[in-house]
Each structure stands twice: as structure tokens, then as C-alpha cells.
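Given next are the chains, with one letter for each unit.
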Amino acid sequence: MKSLPAAWQAGALSAVKNIIMKTELDLNTLLYWYEQMWTIRYFEDNAIGSFRKGLFTGSTHPCIGQEAIAVGAGAALRETDQVLATYRGHGHAIAKKLDVKRLMAELLCKETGCSGGRGGSMHLCDVSKGFWGTNAVVAAHIPIAGGVALSNKLKKNGRVTAVFFGDGSTCEGAFFETLNMAVLWKVPLVLVCENNGFAISVPTHMAIPIENIAQRAQGFGLPGVTVDGNDPVPVYNAVSEAADRARRGEGPTLVECKTTRWERHSAISAGKYENEEEAMKWKKVDPIPRFTKALLEKGATEFQLKELQERAKKVNDEAMEFALKSEYPKPETVGDFVFA
Ligand SMILES: Cc1ncc(C[n+]2csc(CCOP(=O)(O)OP(=O)(O)O)c2C)c(N)n1
């Protein structure tokens, strides 16, 4: 595999304007985001660790390095709004306030899991929280999200649907078809592309001949914007604006968040960076230390930050314990939730 493409060097990202110090957001809100980012990071550490210990099979797709998108976008949405995501969706489920215990139990396929242990890592769902699920099929959830958004429009309930997907998904027909209909019918949909520079082992520039995925919006008549996805504040600003626009009845917006994928594509697949030195350089854009620095400059104390990080770890330690102690679904319940 080739080393990281030039447009993806750490320098290119840090050149993107960091607007955190200009934002109106208060420190407490930003501290909550910080805790959420750590909650996602520890969750993913536990997910990878559990897989390696053989606590579950299949696979798992960590979003380590991409936490700022889930947190920034999640903060821009209302509790009643709906979210759909890909298999790389643990962070989005946490940002949508799903119970971390039930999420970890789902990864371990336990009956206490959010999907009753039937889904595992790639099929997390809790409709009561507006989390309409993660999906293993690339781009398959994008038209579903369009349908959910259309239903909001017809019901006039003021809800917005946000759908998260990778750069590779934007090569699928389902993505283009959804854009076309969503613009035509002005549905309240926010499309968030998490451009992490790779689709499994294929660098984005080898599959997509344009600089920014947001340019794809031009051909469909909707606004497209590219932001630094390793900072939750620009993500929050862009998704807030997109959600406001959707709520005003003006239709969908495409928000591209440039980010990094630290780990291999998934716990079982290829796609580890060939050039480790390059990958290490890349890690300099880790959203957590970057956000830490910004928070300290904004007046947070080291002590406050340490406490929040520890709390995030404790939540995950407890979730792990809960998941391990939970039972597997009973064999006689195999037909439950199945309809024909
Ligand atoms: C329809 C379909 N085609 C192929 C696959 C195999 N596959 C799983 S993930 C993936 C790459 C997707 O990359 P991207 O959309 O950039 O998302 P990322 O994994 O980087 O978050 C592929 C090809 C699949 N799951 N579904």
C-alpha cells in the first residue's frame, strides 16, 4: 500500500483554520465534549481489546482518531433528531447518548445489548434515542436516512435526520440517488461524510478524482462544505448550519469532515499503513490533544481535564464489567424479533 496522499499530510489539516477560540460556546459545553471524546476513545480501546481476546467474533471497525466528528455533529443535533451511521458508528451511538453499558454488551452479543445481542458491533440501534442504527452495507443506510427525513417532512415534526458515511460510500449509486431525491423533495437531511483518506486499503485519491467530496454536491444543487473533522467546533458549526437550513425547509446539505483513521480498517482486515513513520506524523492531528490544548487556553485546568478523562474511563470499565457479566440470549428466543 502507498504512503498517505499529499493532500492528507498533517500540515494540510493544521492549515485549516482552527476556530475554537472564536466560538461562542461556553467552557462547560466544551468540557462535556472533551469527556465524550474520551468516552468514545476508551470504548474503542475496549472494543479492540475484547475482539483480540476472542470475546466476540466477526469484526469491529474503530473510529479512533475520528471522535471529533461524532461529538461535534452530535452536539449540533436535537435529542429528537435521528442519526444513522455505518459500521464505524460506535462514536455516533455514544454521541446520541445510547447507554455505554448496553453498547458494549451488544458488541459482546449479550441479551442486555442495545439490539438484544442480535446485532453486534455493526448493528447498534436504539430508536427510543433517535438512533436508527448502524449498517454493515456501504451506503445502504443513506437512502434509508433519506426516507426517515422524508417522513419527518410529511409529518411536519421539525426533526432533522443526520447520516454519517465514509468517503468510499460516496462512490455508490445509493448516495447519488439519495442526493437527487432529497434535493428535489427538500427533505430535512444532513449528510456527513467522514473522509478519513481510505476505503479499506485504497487511498481516497486513487478512487475519487476530486480534491473535496463536498464538490459532489454541486451537481445535485445542494450546498457542500468541507471542514476540519479533527476539531469538534468547525464540525459543530457546519452541522448546526446544515440542521437549521433543513429545519427551515430548505433541504439537505453535504458536510465533509476531513479526518484520520488510525487503526486498520477493522480488527480483522488489512489496511495498516505501510509507512509507519508517515502514520506517526499523521497522529499529530489526534483530535484529543489538540482539543486539550484549546481547552487549556480557554481556561480549563489540568485537574478538570484529568477528572473528566478518568470519568470517561470509569464509565467504560463499568460497561465492560456489565457486558462480561451479562448472559447470551437464550437459544429458544432465536425467533424473537423476526418476522416473515
Ligand atoms: C455494498 C458494499 N460493498 C462493499 C463492502 C465491503 N466494504 C466494507 S467497508 C468498505 C470501505 C468503505 O470505505 P468508506 O466508505 O470510506 O468508509 P470507512 O470504512 O473508511 O469509514 C468496503 C468496500 C460492503 N460492506 N458493502
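Residues numbered from 1 in each chain as written. Predicted model: local features only at pLDDT ≥ 70, side-chain atom pairs only at ≥ 80, totals over all residues. Heavy atoms only, no water.

All right, on to the pattern of salt bridges then. Enumeration over the complete set of coordinates arrives at 13 salt bridges. Where Glu321 meets Lys325, a salt bridge forms, and the shortest distance between an N and an O atom there is 3.0 Å. Separated by four residues within a single helix, Glu321 and Lys325 lie in helix α12 (residues 302–325), roughly one turn from each other. By relative accessible area, Glu321 is classed as partly exposed at 44%. Its relative accessible area of 63% is what places Lys325 among the exposed residues. Residues participating in the shared-partner salt-bridge network are Arg41, Glu67 and Asp286. (Salt bridge = Lys/Arg side-chain N within 4 Å of Asp/Glu carboxyl O. Helix = DSSP H or I, 4+ residues; strand = E, 2+ residues; numbered from the N terminus. Buried < 20%, exposed > 50% of the residue type's maximum accessible area, 1.4 Å probe, protein only.)

Strand order in the open sheet formed by six strands is β2-β1-β3-β4-β8-β7, with parallel pairing between adjacent strands. Of all strands in the sheet, those with a lone pairing partner are β2 (131–135) and β7 (224–228), marking the two edges. Strand-to-strand twist of the sheet, defined as the mean angle between neighbouring strand axes without regard to direction, takes the value 15°. When strand β1 (residues 82–86) meets β2, the two strands line up parallel, connected through three bridges. Residue pairing for β2: Thr86 is matched across the bridge by Asn135. Lying on the sheet, helix α6 (residues 141–155) is in contact with β1, β2, β3 (161–166) and β4 (189–195); it crosses β3 at an angle near 170°. (Pairing = 2+ DSSP bridges. Axes fitted to C-alpha atoms, helices over the stretch in contact; angles between N-to-C directions. Contact = heavy atoms within 4.5 Å.)

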